[in-house]
Amino acid sequence: MKIVIVPFLMSLSLFLFSACSSGTNSTGSGGNSENSGTSVTTEKVDSEVKAVFDLMNAFRTGNEAFYWNQDNTTKTSLVGQLGNLTLDSDLCKAAQIRANEIVSNFSHTRPNGTSCYTVFTELSISASAKGENIAAGNQSGEKTFLQWKEDDKDYSGQGHRRNMLSKNFTKVGIAYAYDANSTYKYYWAMVLSN
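Only a predicted model underlies this, so the values are computations on that prediction, with no experimental measurement involved.

Cut-offs and rules
Residues numbered from 1 in each chain as written. Predicted model: local features only at pLDDT ≥ 70, side-chain atom pairs only at ≥ 80, totals over all residues. Heavy atoms only, no water. Buried < 20%, exposed > 50% of the residue type's maximum accessible area, 1.4 Å probe, protein only. Helix = DSSP H or I, 4+ residues; strand = E, 2+ residues; numbered from the N terminus. Pairing = 2+ DSSP bridges. Phe/Tyr/Trp six-rings, centres within 6.5 Å; stacked < 30°, edge-to-face > 60°. Lys NZ or Arg CZ within 6 Å of the ring centre and 35° of its normal. Arc of directions from axis to C-beta. Polar contact = N/O pair within 3.5 Å; in protein donor to acceptor, adjacent residues only side chain to side chain. Contact = heavy atoms within 4.5 Å. Expected span 1.5 Å × (residues − 1). Core = buried A, V, L, I, M, F, W, Y, C linked by side-chain atoms within 4.5 Å.

Student: I'd love a proper account of the pairing of strand β5 (residues 130-136), names of residues and values included.
Tutor: Of all the seven residues making up β5, six are buried; the element is thus mostly covered by neighbouring parts of the structure. The pairing of β5 with strand β7 (residues 186-193) spans seven bridges and is classified as antiparallel. Note that in β7 the partner of E132 across the bridge is V191.

Student: Provide a residue-level description of the packing of aromatic side chains, including the pertinent values.
Tutor: Scanning all chains against the criterion turns up six aromatic pairs. Here the aromatic rings of Y117 and F120 are separated by 6.4 Å at their centres, their planes lie at 50 degrees, and the arrangement is tilted. In textbook terms, an aromatic cluster arises when at least three aromatic residues are bridged by ring pairs, as seen for Y176, Y178, Y186 and W188. Over the face of the ring belonging to F120 we find K130, whose NZ or CZ atom lies 5.2 Å from the ring centre. One Lys or Arg, R161, reaches over the ring of F66 and ends 4.8 Å from the middle of that ring.

Student: Describe the pairing of β7, with residues and values.
Tutor: Where burial is concerned, most of β7 is hidden: eight out of the eight residues are buried. Going residue by residue along β7, you find Y186, W188, M190 and L192 tucked away on one face and Y187, A189, V191 and S193 tucked away on the opposite face as well. Pairing of strand β6 (residues 171-178) with β7 involves eight bridges; the strand directions are antiparallel. What sits directly across from Y176, in β7, is W188.

Student: Describe helix α5 (residues 141-149), with residues and values.
Tutor: Along α5, the residues that are buried comprise G141, T144, F145, W148 and K149. The arc enclosing the buried residues of α5, seen along the axis, measures out at 145 degrees, which places them on a common side. Of the residues that open α5, the one with a side-chain oxygen 3.1 Å from the backbone nitrogen of E142 is S140. Phi for E150, located one or two positions after α5, is positive at around 55 degrees.

Student: Report on the side chain of Q158, specifying residues and quantitative values.
Tutor: Looking at the secondary structure, you find Q158 in the loop between α5 and α6 (159-164). Here Q158 falls in the buried class, since its relative accessible area comes to 1%. Residue contacts for Q158: discarding those within four places in its chain leaves Y67, W68, E150 and K153.

Student: So, helix α3 (residues 89-102): which residues are in play, and what are the values?
Tutor: For α3, which comprises 14 residues, the first-to-last C-alpha distance of 20 Å matches the rise-based estimate of 20 Å (1.5 Å per residue) to within 8%. Burial analysis of α3 places eleven of its 14 residues in the buried class, the great majority of the element. Residues of α3 that are buried: L91, C92, A94, A95, Q96, I97, R98, A99, N100, E101 and I102. Two or three places before D90, at the start of α3, stands the capping residue D88, its side-chain oxygen 3.1 Å from that residue's backbone nitrogen.

Student: Please set out the nonpolar core residue by residue, giving values where relevant.
Tutor: One finds M56, V172, I174, W188 and M190 to be the most contacted residues of the largest nonpolar core, which totals 27 residues. For this core, the secondary structure elements donating two or more residues are α2 (42-61), α5, β6 and β7. Sorting elements by how many residues they give to this core places α2 first, with five residues. Judged by nonpolar contacts, the second largest core, of 18 residues, contains A95, V103, I125 and A175.

Student: I'd like a rundown of unusual backbone geometry, residues and numbers included.
Tutor: Positive phi, close to 55 degrees, is recorded for E150, a residue that is not glycine. For E150, the location among the structural elements is in the loop between α5 and α6. Exposure remark for E150: the relative accessible area of 6% places this residue in the buried category. Even without being glycine, K185 reaches a positive phi, approximately 70 degrees. Residue position: K185 is located in the loop between β6 and β7.

Next up, the structure:
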């Protein structure tokens, strides 16, 4: 299988978020995938990752910051209680590794059979609160965000939403990988921590 690792946040890092500079490594943070020569432009990746980041922070600080409780009749409102998350370079590296991995194994379990959170140890990232959202099938950052927002789900289906609205998280990394020969083509990962 040939995987194209999308070089993310290069020009964005120069202008907006220096925390997520990935340098010029076209194989992304994972560094273990083969490049097939097909690529998505850096500007496209920057705008899509930035779209997820901006939409998530607007969601956290807006009037839709709530999720269903387990009874599915009442909601926990976090309106006015959450701040923006920071885009973190180490978490962006972790998200890129996870995006690369889920191309061949769409799961919160890594291809080596360990938990998705072992990427923190692998990159020497210290955090007491950790979360991961994964998605597949959308080229657009906005559509991926809406997939994670889970407006049409009850409590049991709002795990991604609760991750994005957690008071425990202060930082996020976002990345995606593209494989033209795979089932879903686009694979997104969001890694959150404190």
